Amino acid sequence: MERELAEIRGAIRDIPDFPKPGIVFKDITPLLGNGRLFQQTIDLLADRYRSRGIDTVLGIESRGFIIGAALAYSLGAGFCIVRKPGKLPYETHSASYELEYGSDTLEMHRDALTRGARVLVADDLVATGGTAAAAAALVSTLEAQVVECAFVIELSFLKGREKLKPHSVFSLIQYDSE
């Protein structure tokens, strides 16, 4: 598994100063473009959850749609999405969260989850944890249960795990510094 993780890490490209100076963006498009590595990534995540009774995988806009949908398919689970405001056509619940400079909001359809559903929150990356925490709050609003929050990448130096407590967090690849 260590070799597989090293290969996956090697397919993640750093883009300095994107989207603004001082930020090093972790670009997963090379990973997604390599069929074998993308499959390995999803398989490694899915293997962790196969026996956990996941009913629904929740994907966070937008790269979380890619990771989450593939993971839901692999697990034979349903898939739901959370999006930025105004992007969903039906009645929604919303949750706001703080960013480094301001705030943002996520929305989910009011009927996206059934009461008591076991939900896996999935995204490509966790940084400060605000976005995933808002997604987890939406799961709770619908009286469903977050089993875990799963990510391909974790920027552990930004301490997103702290913001996600009491939810468990799993990531394949961790970066301890920029």
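For the structure itself, look to the data block above.
Bear in mind the structure is a predicted one, so any value in this text is a computation, not a measurement.

1. Concerning the packing of aromatic side chains
Point 1. As enumerated under the stated definition, the model contains one aromatic pair in all.
Point 2. Ring geometry for Phe-18 against Phe-25: centres 5.3 Å apart, planes inclined by 85 degrees, an arrangement best described as edge-to-face.
Point 3. Using a relative accessible area of 42% as the deciding quantity, one classes Phe-18 as partly exposed.

2. Remarks on the pattern of salt bridges
Side-chain pairs of opposite charge can arise where the charged atoms are in close proximity.
Point 1. Under the counting rule described, the total for this entry stands at 13 salt bridges.
Point 2. One salt bridge connects Glu-148 with Arg-48, and the closest N-O pair in it is separated by 2.8 Å. Placement of Glu-148 in strand S8 (residues 145–155) and of Arg-48 in helix H3 (residues 35–49) is noted, with a sequence separation of 100 residues between them.
Point 3. For Glu-148, a relative accessible area of 2% gives the class buried.
Point 4. Each of Arg-3, Glu-7 and Arg-36 takes part in one network of salt bridges that share partners.

3. Focus on the packing of helix H1 (residues 2–10) against H3
Point 1. At a minimum axis distance of 10 Å, the contact between H1 and H3 shows a crossing angle of 125 degrees. Between H1 and H3, the angle falls in the class oblique. For H1 against H3, the interelement crossing comes out left-handed. Where H1 approaches H3, its residues Glu-4, Leu-5, Glu-7 and Ile-8 are matched on the opposing element by Arg-36, Leu-37, Gln-40, Thr-41 and Leu-44.
Point 2. For the contact of H1 with H3, the residue count by class is four nonpolar, two polar and three charged.

Parameters at a glance
- Residues numbered from 1 in each chain as written.
- Predicted model: local features only at pLDDT ≥ 70, side-chain atom pairs only at ≥ 80, totals over all residues.
- Heavy atoms only, no water.
- Phe/Tyr/Trp six-rings, centres within 6.5 Å; stacked < 30°, edge-to-face > 60°.
- Buried < 20%, exposed > 50% of the residue type's maximum accessible area, 1.4 Å probe, protein only.
- Salt bridge = Lys/Arg side-chain N within 4 Å of Asp/Glu carboxyl O.
- Helix = DSSP H or I, 4+ residues; strand = E, 2+ residues; numbered from the N terminus.
- Axes fitted to C-alpha atoms, helices over the stretch in contact; angles between N-to-C directions.
- Parallel < 35°, antiparallel > 145°, perpendicular 65-115°, else oblique.
- Left-handed = near helix turned anticlockwise from the far one by under 90°.
- Contact = heavy atoms within 4.5 Å.
- Nonpolar A, V, L, I, M, F, W, Y, C, P; charged D, E, K, R; others polar.

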